[in-house]
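Below are the chains, spelled out letter by letter.
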Amino acid sequence: MSHPSKHLLAIEGLEPPHIADLLDLAESYALLNRSGKTQRDLLKGRTLINLFFEDSTRTRTSFELAGKRLGADVINMSVSTSSVNKGETLLDTASTLNAMQCDLLVIRHAQSGAPALLSQKVDAAVINAGDGTHEHPTQALLDALTIRRHKGSLEGLIVAICGDIAHSRVARSNIHLLTTMGSRVRIIGPPTLIPADVARLGVEVFHDMKAGLKDADVVMMLRLQRERMSGGLVPSAREFFRFYGLDAEKLAHAKPDSIVMHPGPMNRGVEIDSAIADHPTRSVIGEQVEMGVACRMAVLDVLARRLPRNR
Ligand code: NCD
């Protein structure tokens, strides 16, 4: 089934075959990357602009690498959040980008909905690399690919997503993807960090780690996103770790072969204990980064197929 849109703005709205196609293609890119080969003719003559209004290490670098591995000309534009009036700048930026005849535009922005707004103003295919607390679709794809490689399928798995759900676009995209693909999703966190309407998304809510982790196949930890919190939603990092930080004792409640994930950047000792983050068999955090490049190659490939012919 071909991708339903010119853009990738969200996971919400994609159907199982759309997701499965992207994951299958990403799997083939993962194998290509491991073999050391490239496919530099696919995006030859195309321009990809990385437009990041928020900090990023993994996402920006992996889009850059993905674009380069497929032969695109890649430009990184870093924009500081604090110095600009966002609405005005976005629209000004849109006309600049149009004048540059960019083909693929990767955008990260602190405001939910910014990529969707931009997609109405530019000719390029727009990829959401994280918007506010809304979505981060390529993160959910790379997480799903990593899970699939370990568990074979997403269907019927118990996936526990833990910690700061309220501020996490990663959680939101993962909830949409995993429930669409038939996983049983559990959300675990303190009431202050769980959105009131989250059960509407088809997840089970827990406030106790031991109960929520029981028999889980996948344990996904999230960063405590203090930059998005306006008040004291969490008493202290130490207390948060005691109740919600993943350590060996809490992980013992999940299945013995469960995998541990984290999108990064990690706050070691706050949401995850170092011994678990670096665990040689249980942690798949490094593999998530590797799959990030493969998934972004798949997304660029699929969207490039819908672009007008090369100039
Ligand atoms: C995430 C993000 O930016 O949403 N990071 C990432 O893309 N790997 C999660 C986070 O910032 O905690």
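What counts and what doesn't
- The residue numbering used here restarts from 1 in each chain and proceeds along that chain's sequence as written.
- Since the coordinates come from a predicted model, pLDDT governs what is reported: local features require at least 70, and pairs of side-chain atoms require 80 or more to be given and counted, while whole-chain, interface and lining totals use all residues.
- In computing side-chain values, all of the structure's heavy atoms are included and hydrogens and water are not.
- UniProt positions are given in the numbering used here, feature names are shortened, and annotations may be inferred rather than shown by experiment.
- Only when DSSP finds a minimum of two bridges between them are two strands counted as paired.
- Numbering of helices and strands runs from the N terminus, with a helix taken as a DSSP run of H or I at least four residues long and a strand as a DSSP run of E at least two residues long.
- Axis definition: a line fitted to C-alpha atoms, over the contacting stretch in the case of helices. Angles run 0 to 180 degrees between N-to-C directions.
- Should any heavy atoms of two residues lie within 4.5 Å, those residues are considered in contact.
- Any residue with a non-hydrogen atom lying within 4 Å of a molecule or strand is treated as near it.
- What qualifies as a polar contact is a pair of N or O atoms within 3.5 Å, subject to a donor-acceptor requirement within protein and to the restriction that residues adjacent in sequence count only when both atoms come from side chains.
- Exposure was quantified through the Shrake-Rupley algorithm and a 1.4 Å probe, taking into account, for residues, occlusion by the shown protein chains and nothing else.
- Residues were grouped as follows: Ala, Val, Leu, Ile, Met, Phe, Trp, Tyr, Cys and Pro as nonpolar; Asp, Glu, Lys and Arg as charged; and all remaining residues, including Gly, as polar.
- Counted as salt bridges are all cases of a side-chain nitrogen of Lys or Arg within 4 Å of a carboxyl oxygen of Asp or Glu.
- Classification of residues uses two cut-offs on accessible area relative to the type maximum, computed with a 1.4 Å probe and protein chains only: under 20% is buried, over 50% is exposed, and between them is partly exposed.

- Going by the annotation in an unreviewed UniProt entry, the name recorded for the protein chain is Aspartate carbamoyltransferase, with Neoroseomonas soli given as the source organism.
- Looking at the Pathway (unreviewed entry) heading of the UniProt record, one finds this comment for the protein chain: "Pyrimidine metabolism; UMP biosynthesis via de novo pathway; (S)-dihydroorotate from bicarbonate: step 2/3."

1. Quick notes on the sheet that holds strand 8 (residues 218–221)
Right, on to step 1. The five strands lie next to each other as 7-6-5-8-9, forming an open sheet whose pairing is parallel. Of all strands in the sheet, those bounded by a partner on one side alone are strand 7 (204–206) and strand 9 (259–261). Direction aside, the axes of adjacent strands within the sheet are offset by 20 degrees on average.
Right, on to step 2. Of the pairings in the sheet, the one linking strand 8 to strand 9 comprises three bridges and is parallel in character. Each residue of the ladder has a partner; that of Val219, found in strand 9, is Val260.
Right, on to step 3. Strand contacts of helix 5 (residues 137–151): strand 8 and strand 9, with the helix running at about 170 degrees to strand 9, the strand carrying the most contacts.

2. Comments concerning the site of the ligand
Right, on to step 1. For the ligand, the full set of nearby residues is Arg58, Thr59, Arg108, His136, Gln139, Arg169, Val170, Arg223, Gln225, Pro263, Gly264 and Pro265.
Right, on to step 2. Measuring from an oxygen atom of the ligand, one finds a side-chain N or O atom of His136 at 2.8 Å.
Right, on to step 3. Take Arg169: an N or O atom from its side chain is 2.7 Å from an oxygen atom of the ligand.
Right, on to step 4. In isolation the ligand exposes 310 Å². Once the protein is present, 94% of that is buried.
Right, on to step 5. Elements with a minimum of two residues in the shell around the ligand: helix 2 (58–69) and helix 6 (169–180).
Right, on to step 6. Looking at side-chain class alone, the shell around the ligand contains three nonpolar, five polar and four charged residues.

3. Description of the pattern of salt bridges
Close approach of charged atoms allows side chains of opposite charge to pair.
Right, on to step 1. Taken as a whole, this structure holds 16 salt bridges when the rule is applied.
Right, on to step 2. One salt bridge connects Arg46 with Asp103, and the closest N-O pair in it is separated by 3.4 Å. Residue Arg46 is found in the loop between helix 1 (16–35) and strand 1 (47–52), and its partner Asp103 is found in the loop between helix 3 (86–99) and strand 3 (104–109); the two are separated by 57 residues along the sequence.
Right, on to step 3. Judged by relative accessible area, Arg46 falls into the buried class, the value being 9%.
Right, on to step 4. A relative accessible area of 5% places Asp103 in the buried class.
Right, on to step 5. Where Arg200 meets Asp197, a salt bridge forms, and the shortest distance between an N and an O atom there is 3.5 Å.
Right, on to step 6. Via salt bridges that share partners, Glu27, Arg149 and Glu287 belong to a single interconnected network.

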